[in-house]
Amino acid sequence: MSAAVAVGAVPAIALHEVQFRYGGAARRPPVLEAVNLEVAEGEFLGLVGPNGGGKSTLLKLVLGLLEPERGSVRVFGRPPREGRALLGYVPQFRTFASDFPISVVRAVLQGRLGQTRRLFGYRREDHAVALRALAAVSMAELAERPLATLSGGQLQRVLIARALACAPRILLLDEPTANVDAQVESSLFDLLRELNRELTIVVVSHDVGFISGYVSRVACLNRRLVCHETSALSGEIIAEMYGGAAQIIHHHTHLDPGDSHSPGAGAGGPR
Amino acid sequence: MMGDFVAALAAQGFLQHALAAGLLASVGCGVMGPFVVVKRITFLAGGIAHAVLGGMGVAAYLGGSPLLGALIAALAAALMIGAVRLRASEREDTLIGALWSVGMAVGILFIARTPGYNVDLMSALFGNILMVTGDHLRLMVALDLLLLIVVAAFYKQLLAVAFDEEFARLRGVRVTVFYLLLLCLIAITVVLLIQVVGLILVIALLTLPAAVAAQYVNSLSRMMLIAVLLGALICTGGLALSYGPDLPAGATIILLAGGVYLLSTLAGRVLRRG
């Protein structure tokens, strides 16, 4: 599909003719329709699109948390449930209680589950991996801090560290900068660019202007999916999308659902 | 007053049994209470506790051991509630409420029909720590050991399921199995506490020491340690306070637990403001 995939190499992520809808067949319009996507190993893919366009749904299909109605999803050539161990996931919404009594390092250690012994506590190697993951996101000195006392940006770094502790080959991030200010946003993306030297990264964002400075390819998702190389993105496409160079300044501009590059017909309303 | 209690404790076997039962109950509620508090399933634990009366009533009617009936009913209630919650289909709170009341109704019907009325309804509801037998203590030791071994062996998984179920599932933890295991361990704890404070008062002893601990520490394991020690102090103190004026021991223990929780919460507020 993509020219970036070397002949014979297994793509890190491959979606073929994927269709998905919530609430069972026929009751609601599909969230995703005829989605084809291949992510090569080492790529840094930005997944953009309007709210309700299906970005988080696509990640959950890759993770095997949802099953497609039609089509296939593969992670390194395997079904998601088997390929899952190779994925590190940073969810959009916190999936735990904000006041849970746990230290930063204990939360990160949970990334070792599935790769450590089954009975009793974590091994010494697991602690070493967790501390390395925290060091990678510049949070090593806060290892013993209670998780509940962190700021939004610090919490995002810890969640990335938890995903890194899984020793993944692909990192999936869902709106990692939704709740942080612009300065933290750039430092998080600098960190992701750093991590991209060793990992394949897929990052979901509603902010195409901002991420196009970091990612190697942008996929626009609004029920259907269209890919752009970032080099192509810098030309007329961005002008069409946002009207001139305004995207650099207006970091929180949303994609207009009626935009010419959102090929799904009709508005991408909330699902 | 304390002197009287200590003297009586030295002389009276039933008081020694009562104190031992209080301490053994503290271990169970201290280890499992933190899970109930952080997972916010107090209402669920309450449903299990009250459904237990049905099992006790049926067991008494059939001439079996009420405690065995309690254990079976507690585990059955835990599995039923857990199964419904994991399907995420029916309204979990409605089912808990139904089990709560229906379990008690079944218990009361069967106890009323039991010839000789050999189950003391009041002690099932409010506990009777002064009537604890040696057999009962041995059973409590066994259940405590079971809880400690299982929690130590699967601490990682239980913590992960309590903290973030979605992430645990993605890491290959069998979330369904461990969630049901957690509920079964809570059911065992409830049975452990019934003789001490009764099934109506169980919830306070299960959650209050853990809730106080949560105000001071930031890890589940430390919460457990503090909750065990606090539970032991509260059970011993309640027993001692109730002995002189001949008050019901279970109710005194619960009032003491409530008082400690209130004081700790208020002290925390004042300290944070100051």
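What you see is a predicted model, and the numbers here were worked out from it, not measured in a lab.

A.B. asks: Could you give an account of the overall build of chain A, with specific residues and numbers?
C.D. replies: The secondary structure content of chain A amounts to nine helices and nine strands. Out of the 271 residues belonging to chain A, those deemed buried represent 44%. A separation of at least 24 residues holds for 69% of the contacts in chain A among residues at least 6 apart in sequence.

A.B. asks: Give me the overall build of chain B: which residues, what numbers.
C.D. replies: What chain B contains, in helices and strands, is twelve helices and zero strands. At 19 Å, chain B has a C-alpha radius of gyration in line with the 19 Å of a compact globule built from 274 residues. In chain B, buried positions account for 50% of the 274 residues. Summarising the internal contacts of chain B: among those between residues at least 6 apart in sequence, 74% fall at separations of at least 24.

A.B. asks: Give a detailed account of the interface of chain B and chain A, specifying residues and quantitative values.
C.D. replies: Across the boundary between the two partners, chain B contributes 21 residues, which contact 20 residues of chain A. Counting only elements with at least two residues in the side of chain B that touches chain A, the list comes to α7 (134-153), α8 (155-163), α9 (165-170) and α11 (220-243) of chain B. Tallied by class, the residues present in the side of chain B that touches chain A amount to 14 nonpolar, three polar and four charged.

A.B. asks: Now, about helix α5 (residues 92-113) of chain B: what can you tell me, with residues and values included?
C.D. replies: Residues and elements named next belong to chain B. Helix length check: α5 (22 residues) gives 31 Å between terminal C-alpha atoms against 32 Å at 1.5 Å per residue, within 8%. Among all positions of α5, only Ile96, Leu99, Trp100, Gly103, Gly107, Phe110 and Ile111 are buried. Along the axis of α5, the buried residues cluster in a sector spanning 125 degrees; they form a single face. In α5, the exposed residues that point more than 90 degrees away from the buried face are Thr94, Ser101, Ala112 and Arg113. Each element contacted by the buried residues of α5 is listed here: α3 (42-61), α4 (66-87) and α6 (121-126).

A.B. asks: Can you lay out the sheet that holds strand β1 (residues 13-20) of chain A for me, pointing to particular residues and giving the numbers?
C.D. replies: All names here are of chain A. If you walk across this open sheet you meet the three strands as β2-β1-β4, and the pairing is antiparallel. Two strands lie at the open edges of the sheet, namely β2 (32-39) and β4 (70-75), each paired on one side alone. Each strand axis lies, on average, 15 degrees off the axis of its neighbour in the sheet, ignoring direction.

A.B. asks: Explain the pairing of strand β7 (residues 200-204) of chain A residue by residue, including any values.
C.D. replies: Residue and element names in this part refer to chain A. Among the five residues of β7, five are classified as buried, and the element is accordingly described as predominantly covered. Here β7 shows a buried face lined by Thr200, Val202 and Val204 and a second buried face lined by Ile201 and Val203. When strand β3 (residues 44-48) meets β7, the two strands line up parallel, connected through four bridges. Bridge pairing links Leu47 to Val204 in β7. Examined bridge by bridge, strand β6 (residues 170-174) and β7 share five bridges and lie parallel to one another. Within the sheet, the bridge partner assigned to Leu172 lies in β7 and is Val202.

A.B. asks: Summarise the packing of α3(B) against helix α10 (residues 175-214) of chain B; cite the residues concerned and give the values.
C.D. replies: In helix packing, the relevant descriptors are the interaxial angle and the interaxial distance, both defined with respect to the helix axes. All names here are of chain B. At a closest axis distance of 9 Å, the pairing of α3 and α10 adopts a crossing angle of 105 degrees. In terms of axis orientation, α3 runs roughly perpendicular to α10. For the pair α3 and α10, contact is made by Thr42, Ala45, Gly46, Ile48, Ala49, His50, Val52 and Leu53 and by Ile186, Ala187, Val190, Val191, Ile194, Leu199, Val202, Ile203, Leu206 and Thr207, respectively. By residue class, the composition of the contact of α3 with α10 is 14 nonpolar, four polar and no charged.

A.B. asks: Outline the packing of helix α2 (residues 13-38) of chain B against α10(B), supporting the account with residue identities and numerical values.
C.D. replies: Residue and element names in this part refer to chain B. Across the interface, α2 lies against α10 with an axial gap of 6 Å and an inter-helix angle of 65 degrees. Crossing of α2 against α10: the hand is right-handed. Class assignment of the residues belonging to the contact of α2 with α10 gives a composition of 21 nonpolar, seven polar and no charged.

A.B. asks: How would you explain unusual backbone geometry if you had to name every residue and give the values?
C.D. replies: Residue A:Phe120 is not a glycine yet carries a positive backbone phi of 60 degrees. Assignment of secondary structure puts A:Phe120 in the loop between α3 (104-109) and α4 (124-136). For A:Phe120, a count of 12 C-beta atoms within 10 Å translates into the label exposed. Of note, B:Arg40 is a non-glycine position whose phi angle comes to about 55 degrees, a positive value.

A.B. asks: Explain the nonpolar core to me, using residue names and the numbers behind them.
C.D. replies: Residue and element names in this part refer to chain B. Grouped together as the largest cluster of nonpolar side chains are 170 residues, with contacts concentrated most on Ile48, Val52, Val190 and Leu205. Looking at which element gives the most residues to this core, the answer is α10, with 30 residues. Excluding residues that lie within four positions of it along the chain, Val52 makes contacts with Ala70, Ala73, Ala74, Gly103, Val190, Val191, Ile194 and Leu199.

A.B. asks: Mind laying out the confidence of the model for chain A, listing which residues take part and the relevant values?
C.D. replies: Residue and element names in this part refer to chain A. On average, residues of chain A score 76 in pLDDT, and 80% of them are at 70 or above. Model confidence for chain A, summarised as mean pLDDT per element, is weakest for helix α9 (residues 246-249) at 38 and strongest for α3 at 91. The low-confidence segment residues 1-8, where pLDDT is below 50, has nine contacts with residues more than four positions distant or belonging to other chains. For residues 239-271, every residue scores under 50 in pLDDT, and the model assigns this stretch 58 contacts once sequence neighbours within four places are set aside.

A.B. asks: How would you summarise α4(A) if you had to cite specific residues and measurements?
C.D. replies: Residues and elements named next belong to chain A. For α4, which comprises 13 residues, the first-to-last C-alpha distance of 19 Å matches the rise-based estimate of 18 Å (1.5 Å per residue) to within 8%. Within the span of α4, buried status applies to Asp126, Val129, Ala130, Ala133 and Leu134. In a view along the axis of α4, the buried residues occupy a sector of 135 degrees, so they form one face of it. More than 90 degrees from the buried face of α4, the exposed residues found are Arg124, Glu125 and Ala128. Contact partners of the buried residues in α4: α3 and α5 (152-164). A positive backbone phi angle near 60 degrees is found at Ser138, which sits one or two residues after α4.

Criteria and thresholds
Residues numbered from 1 in each chain as written. Chains lettered and ligands numbered in written order. Predicted model: local features only at pLDDT ≥ 70, side-chain atom pairs only at ≥ 80, totals over all residues. Helix = DSSP H or I, 4+ residues; strand = E, 2+ residues; numbered from the N terminus. Buried ≥ 20, exposed ≤ 12 C-beta atoms within 10 Å, placed from the backbone. Contact = placed C-beta atoms within 7 Å. Rg over C-alpha atoms; globule rule 2.2 N^0.38 Å. Nonpolar A, V, L, I, M, F, W, Y, C, P; charged D, E, K, R; others polar. Expected span 1.5 Å × (residues − 1). Arc of directions from axis to C-beta. Pairing = 2+ DSSP bridges. Axes fitted to C-alpha atoms, helices over the stretch in contact; angles between N-to-C directions. Parallel < 35°, antiparallel > 145°, perpendicular 65-115°, else oblique. Left-handed = near helix turned anticlockwise from the far one by under 90°. Core = buried A, V, L, I, M, F, W, Y, C linked by C-beta atoms within 7 Å. pLDDT = per-residue confidence, 0-100.

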